[in-house]
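# Remarks on the overall topology
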Amino acid sequence: QVQLVESGGGLVQPGESLRLSCSASGIIFSRFVMGWYRQAPGKQREFVATLGNSGSTNYLDSVKGRFTISRDNTKNMVYLQMNSLKPDDTAVYYCNAFRSAGPEDHWGQGTQVIVSS
């Protein structure tokens, strides 16, 4: 059974930082592209960042230079370091594991991030 479990969300003030973590089980982690997506109230879910198993990264333009995605294949973990947070970053953040062979597409339950003064 595949499980993706996010943690690390919370309430922070603008300009502060958070680190989200996602623990994966039930998959051969190294074979998957890992990503973070978010959904703000009343909006569609959007891509934030992805990290391929070759190390290639992609970021939403509005988070470039502020967010960093990383992974630890020995621990089946993916992280999202979020710096200089803005109120527009407020959303539920979801972990995603994708593999084109299959294809396979798995989602976590999400962790809430609120950026507010």
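Residues numbered from 1 in each chain as written. Predicted model: local features only at pLDDT ≥ 70, side-chain atom pairs only at ≥ 80, totals over all residues. Heavy atoms only, no water.

In total, this model carries 5 salt bridges according to the counting rule given. Taking the shortest distance from any N to any O, the salt bridge between Lys 64 and Asp 61 comes out at 3.0 Å. Residue class for Asp 61 comes out exposed when judged on its relative accessible area of 59%. Shared partners join several salt bridges into a network, and the residues in it are Arg 38, Glu 46, Arg 66 and Asp 89. (Salt bridge = Lys/Arg side-chain N within 4 Å of Asp/Glu carboxyl O. Buried < 20%, exposed > 50% of the residue type's maximum accessible area, 1.4 Å probe, protein only.)

In this structure the tally under the stated criterion is 1 disulfide. Sulfur-sulfur distance for the disulfide between Cys 22 and Cys 95 comes to 2.1 Å. Across the disulfide from Cys 22 to Cys 95, rotation about the S-S bond amounts to roughly -85 degrees, and the bridge is consequently left-handed. Of this pair, Cys 22 sits in strand β3 (residues 18-25) while Cys 95 sits in strand β9 (residues 91-99), and the two are 73 residues apart along the sequence. Given a relative accessible area of 0%, Cys 22 falls into the buried group. (Disulfide = S-S within 2.5 Å. Helix = DSSP H or I, 4+ residues; strand = E, 2+ residues; numbered from the N terminus.)

To continue, consider the sheet that holds β3. In spatial order, the strands read β1-β3-β8-β7; together these 4 strands make up an open sheet with antiparallel pairing. With one partner strand each, in any of the chains shown, β1 (3-7) and β7 (67-72) form the two edges of the open sheet. Each neighbouring strand pair of the sheet contributes to a mean axis angle of 15 degrees, computed without reference to strand direction. Here 6 bridges tie β7 to strand β8 (residues 77-82), and the two strands are oriented antiparallel to one another. Residue Ile 69 lies in a different strand from β8, and its bridge partner there is Leu 80. (Pairing = 2+ DSSP bridges. Axes fitted to C-alpha atoms, helices over the stretch in contact; angles between N-to-C directions.)

As a further point, take the environment of Leu 18. Of note, Leu 18 is situated in strand β3. Sequence separation of Leu 18 and Gly 8 is 10 residues, and the distance between their C-alpha atoms is 7.0 Å. Once you skip the residues sitting within four places of it in the chain, Leu 18 turns out to touch Gly 8, Gly 9, Gly 10, Val 12, Leu 80, Gln 81, Met 82, Leu 85 and Val 113. (Contact = heavy atoms within 4.5 Å.)

A separate point is the side chain of Glu 6. Mapping Glu 6 onto the fold places it in strand β1. Buried within the structure, Glu 6 lacks any salt-bridge partner; Arg 45 is the closest side chain of opposite charge, at an N-O distance of 7.5 Å. A polar contact of 3.1 Å, which involves the side chain of Glu 6, links it to the backbone nitrogen of Gln 109. Setting aside its immediate chain neighbours within four residues, Glu 6 contacts Ser 21, Cys 22, Trp 36, Tyr 93, Tyr 94, Cys 95, Gly 108, Gln 109, Gly 110 and Thr 111. (Lys, Arg positive; Asp, Glu negative; His and termini not counted. Polar contact = N/O pair within 3.5 Å; in protein donor to acceptor, adjacent residues only side chain to side chain.)

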